[in-house]
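Residue-level structural notes
Listed here are the chains, written in short residue letters.
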Amino acid sequence: SGQVMTVNRLCKEIIRIVNEHFGGTKSKIKHLPMRKGEPPRTHIEADLADLNQLMPGIKYTDLETGLIETIKYYSALPHDFVYRTLKYFEQNPLI
């Protein structure tokens, strides 16, 4: 969406959407200690300049719609697939 937001705000938005559209969640935000070298205010921001150059006139999906569609997609996957994938990335972090 090109919006700047904190990781905390994104997590709150996901929880709100699940509560409103998917029957609720017991999930809570867990604040962990900062990782070595992590800046104190971590933000997420998509730089859409390259995409706009490659695909002029592209239409964007707003954040809420995009999150709803993403949650629908992952909700339709077999539970064990999602569980195994999460376990894999817990054991093999990308960073």
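Our structure is the block above this text.
The paragraphs below set out a description of the structure included in this document. From a predicted model like this one, the values you see are computed outputs, not experimental measurements. (Residues numbered from 1 in each chain as written. Predicted model: local features only at pLDDT ≥ 70, side-chain atom pairs only at ≥ 80, totals over all residues. Heavy atoms only, no water.)

With respect to the packing of aromatic side chains
Scanning the model with the defined rule gives two aromatic pairs in all. Between Tyr 73 and Tyr 74, the aromatic rings sit 5.0 Å apart at their centres with planes inclined by 90°, giving edge-to-face as the arrangement. On the basis of relative accessibility, which here comes to 47%, the residue Tyr 74 falls in the partly exposed class. (Phe/Tyr/Trp six-rings, centres within 6.5 Å; stacked < 30°, edge-to-face > 60°. Buried < 20%, exposed > 50% of the residue type's maximum accessible area, 1.4 Å probe, protein only.)

Considering the nonpolar core
Residues Met 5, Leu 10, Ile 17, Val 18, Leu 67, Ile 68 and Ile 71 constitute the largest nonpolar core, which totals seven residues. Mapped by element, the contributors of at least two residues to this core are helix 1 (7-21) and helix 3 (63-76). Among residues more than four places away in sequence, those in contact with Ile 71 are Ile 14, Ile 17, Val 18 and Phe 22. (Core = buried A, V, L, I, M, F, W, Y, C linked by side-chain atoms within 4.5 Å. Helix = DSSP H or I, 4+ residues; strand = E, 2+ residues; numbered from the N terminus. Contact = heavy atoms within 4.5 Å.)

Let's talk about a nonpolar patch on the surface
There is a patch of nonpolar side chains on the surface, built from Leu 51, Leu 54, Met 55 and Tyr 60 and spanning about 400 Å² of accessible area. Look at Leu 51 and you get partly exposed, because its relative accessible area is 30%. (Patch = residues over 30% accessible without salt bridge, like charges linked within 9 Å, V, L, I, M, F, W, Y side chains within 5 Å. Areas by Shrake-Rupley, 256 points an atom, 1.4 Å probe, with all protein chains shown as cover. Salt bridge = Lys/Arg side-chain N within 4 Å of Asp/Glu carboxyl O.)

Brief notes about the pattern of salt bridges
If you walk through the whole model with that rule in mind, you get seven salt bridges. The partner of Glu 13 in a salt bridge is Arg 16, and the shortest N-O contact between them spans 2.5 Å. Pair noted here: Glu 13 and Arg 16 are both in helix 1, with a separation of three residues, about one helical turn. For Glu 90, the salt bridge goes to Lys 87, with nearest N and O atoms at 3.2 Å. Of this pair, Glu 90 and Lys 87 both sit in helix 4 (residues 79-91), three residues apart, which is roughly one turn of the helix. Residue Glu 90 is classed as exposed on the basis of its relative accessible area, which comes to 56%. Taking the relative accessible area as the measure of exposure, Lys 87 reaches 32% and is therefore partly exposed. Where salt bridges share partners, they join Glu 13, Arg 16, Glu 20 and Glu 64 into one cluster.

Geometry only, nothing functional implied.
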